[in-house]
Every structure is written in structure tokens, then in C-alpha cells.
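The chain contents come next:
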Amino acid sequence: APNPNHPEPGGLKLIFKIVPAAENRALLLERGDVDMALAVPERLMSRLDGKAGIRVLARPGLYVDNVTINNAMPPFDNPKVRQALSYAVPYERIIKEVYYGYAEGAYGPVMKGLPGHDADAWIYNEDLDKARSLLAEAGHPNGFDTEINISDSLPRWAPIAQLLQENFAKVGINARIQSQTLSALSEKLFARSMP
């Protein structure tokens, strides 16, 4: 039933279409078949941005992709190893190549936009020399073997994992990417059986 406290829309008619595939949502927008498309991935937003009749509206959100490290499992029980990994992350390449510039770093454990965020407390930037030095201090001057576990149902994770794998290799860490269903990944995560 209409809200009695809201004025009549004056002939305005809204039609909502559920279009599961992001590529199809973008195509409908490009062709002018819809006036608005939601949840368009960054790679498609970059294609649409600047096209005649299309305006991309991107606003900061509270979604974060992060890497969870099992600090009870060697060698990650050593804080210097975890710090080395933080220095080996190619932050800017991830923002540019995975998010097409439609993201920014969280720069701390509390995200920007939330109470308690302090960007000055974040010390990590990509610094491979610092990562190598910390690994040596932690007793791993030649690095080590590990794995990066991702879900195949979250498409953004594969390119992030590949960039991490590439940079980790530069400091001697051989990280094999393990892709699985989200349910299998969640089961391993809660069992704390992954590094």
C-alpha cells in the first residue's frame, strides 16, 4: 500500500529489473535500455566512465578486502614475518590494477570513515628491501613456502592473490595460490587450518 504520508509521485513510474550478470547490467546501461545500474564492478565502471550519457557515481564504502594471517601457525607466529608480508604488499598496484582506481587503502586496522581511524598510525607501504630485512631478522633470509587461499566465487581475489604471489616471490616467499569454493574456504578458516 502507498505511504499515506508521502505525496503522490505525479506519474513517475519506476521499473526495477533484476539482472544477475554485471556485464549485462553494464550493456543495458550503455545501450540506454536502463537509466541506472547498481553494483557494477570496477573494471566495467572504468569502461563506462566518460561515455556519452553515462555518469559513474562512485562513493567511498566500508567494504574491505584483506588478508587474514594465522598467527598461531609458524612462521606467521613471528611478528617480524607478518611485518615483512605487510611491506611486501603491492598496495598501489592492487588499487590501480584490480580496482581500476575506484578504491583506496584502508591504512590501518580501523577503516577510513569509521571512528578510531588514524592514518598516521599506519607505517606500511610497499618496501621490498624492508621486507627482506625483516625476514632475515626472523630467521628466514631465504624466505619460505606457503599458500594463499582464496575463493573462486569472489572474482577480485584471484588477481589480488596473483599480485601478492608476484611480490612475495621477490622477497623469497614461494606462495602457492589455492582456489576453492567459498564454503570450503570458510570451513578451513574457522578450523584455523590455513596459514
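Since the model is a prediction, treat every value here as computed from it, not as a measurement.

### Here's the deal with the overall build of the protein chain
Here is step 1 of the chain: Along its length, the protein chain carries seven helices and two strands.
Here is step 2 of the chain: Scanning the protein chain from its N terminus toward the C terminus, one meets helices and strands in the order α-α-α-α-α-β-α-β-α.
Here is step 3 of the chain: Considering only C-alpha atoms, the protein chain reaches an extent of 70 × 35 × 35 Å along its principal axes.
Here is step 4 of the chain: A total of 195 residues make up the protein chain; the buried ones form 30% of that total.
Here is step 5 of the chain: For the protein chain, restricting intrachain contacts to residue pairs at least 6 apart in sequence, the fraction spanning at least 24 positions comes to 66%.
Here is step 6 of the chain: Of the roughly 13200 Å² that the protein chain leaves accessible, carbon and sulfur atoms contribute 54%.
Here is step 7 of the chain: The centroid of the 21 positive side-chain charges in the protein chain is displaced by 4 Å from the centroid of its 23 negative side-chain charges.

### What to know about the packing of helix H3 (residues 79–88) against helix H5 (residues 128–137)
When two helices pack together, their arrangement is captured by the angle between the axes and the distance separating the axes.
Here is step 1 of the chain: In contact at an axis separation of 8 Å, H3 and H5 are set at 165° when each is read in the N-to-C sense. Judged by the inter-axis angle, H3 sits roughly antiparallel to H5. Crossing of H3 against H5: the hand is left-handed. Taking contact as the criterion, the partners of Lys80, Val81, Gln83, Ala84, Tyr87 and Ala88 in H3 are, on H5, Leu128, Lys130, Ala131, Leu134, Leu135 and Glu137.

### So, the pairing of strand E1 (residues 144–151)
Here is step 1 of the chain: The buried fraction of E1 amounts to six of the eight residues, a majority that puts the element mostly inside the structure.
Here is step 2 of the chain: In terms of strand pairing, E1 meets strand E2 (residues 173–180) through eight bridges, oriented parallel. Bridge assignment links asparagine 149 to a residue of E2, and that residue is glutamine 178.
Here is step 3 of the chain: A crossover links E1 with its parallel partner E2, the connecting element being helix H6 (residues 157–170), and its sense is right-handed.

### What about the environment of phenylalanine 168?
Here is step 1 of the chain: Locating phenylalanine 168 in the fold gives a position in helix H6.
Here is step 2 of the chain: Since its relative accessible area comes to 8%, phenylalanine 168 is described here as buried.
Here is step 3 of the chain: Through-space distance from the C-alpha of phenylalanine 168 to that of alanine 21 is 33 Å; in sequence the pair is 147 residues apart.

### Focus on the packing of aromatic side chains
When we look at a pair of aromatic rings, we describe it by the centre distance and by the angle of the planes.
Here is step 1 of the chain: Under the definition given, this model contains four aromatic pairs.
Here is step 2 of the chain: Ring plane angle 65° and centroid distance 4.8 Å describe the contact between tyrosine 87 and tyrosine 124, whose orientation is recorded as edge-to-face. One end of the pair, tyrosine 87, is in helix H3; the other, tyrosine 124, is in the loop between helix H4 (91–98) and H5, and 37 residues separate them in sequence.
Here is step 3 of the chain: A relative accessible area of 10% means that tyrosine 87 is categorised as buried.
Here is step 4 of the chain: Residue classification places tyrosine 124 among the buried positions, given a relative accessible area of 14%.

About the criteria used
Residues numbered from 1 in each chain as written. Predicted model: local features only at pLDDT ≥ 70, side-chain atom pairs only at ≥ 80, totals over all residues. Heavy atoms only, no water. Helix = DSSP H or I, 4+ residues; strand = E, 2+ residues; numbered from the N terminus. Buried < 20%, exposed > 50% of the residue type's maximum accessible area, 1.4 Å probe, protein only. Contact = heavy atoms within 4.5 Å. Areas by Shrake-Rupley, 256 points an atom, 1.4 Å probe, with all protein chains shown as cover. Lys, Arg positive; Asp, Glu negative; His and termini not counted. Charge placed at Lys NZ, Arg CZ, Asp CG, Glu CD. Axes fitted to C-alpha atoms, helices over the stretch in contact; angles between N-to-C directions. Parallel < 35°, antiparallel > 145°, perpendicular 65-115°, else oblique. Left-handed = near helix turned anticlockwise from the far one by under 90°. Pairing = 2+ DSSP bridges. Right-handed = clockwise from strand over helix to strand, strands pointing away. Phe/Tyr/Trp six-rings, centres within 6.5 Å; stacked < 30°, edge-to-face > 60°.

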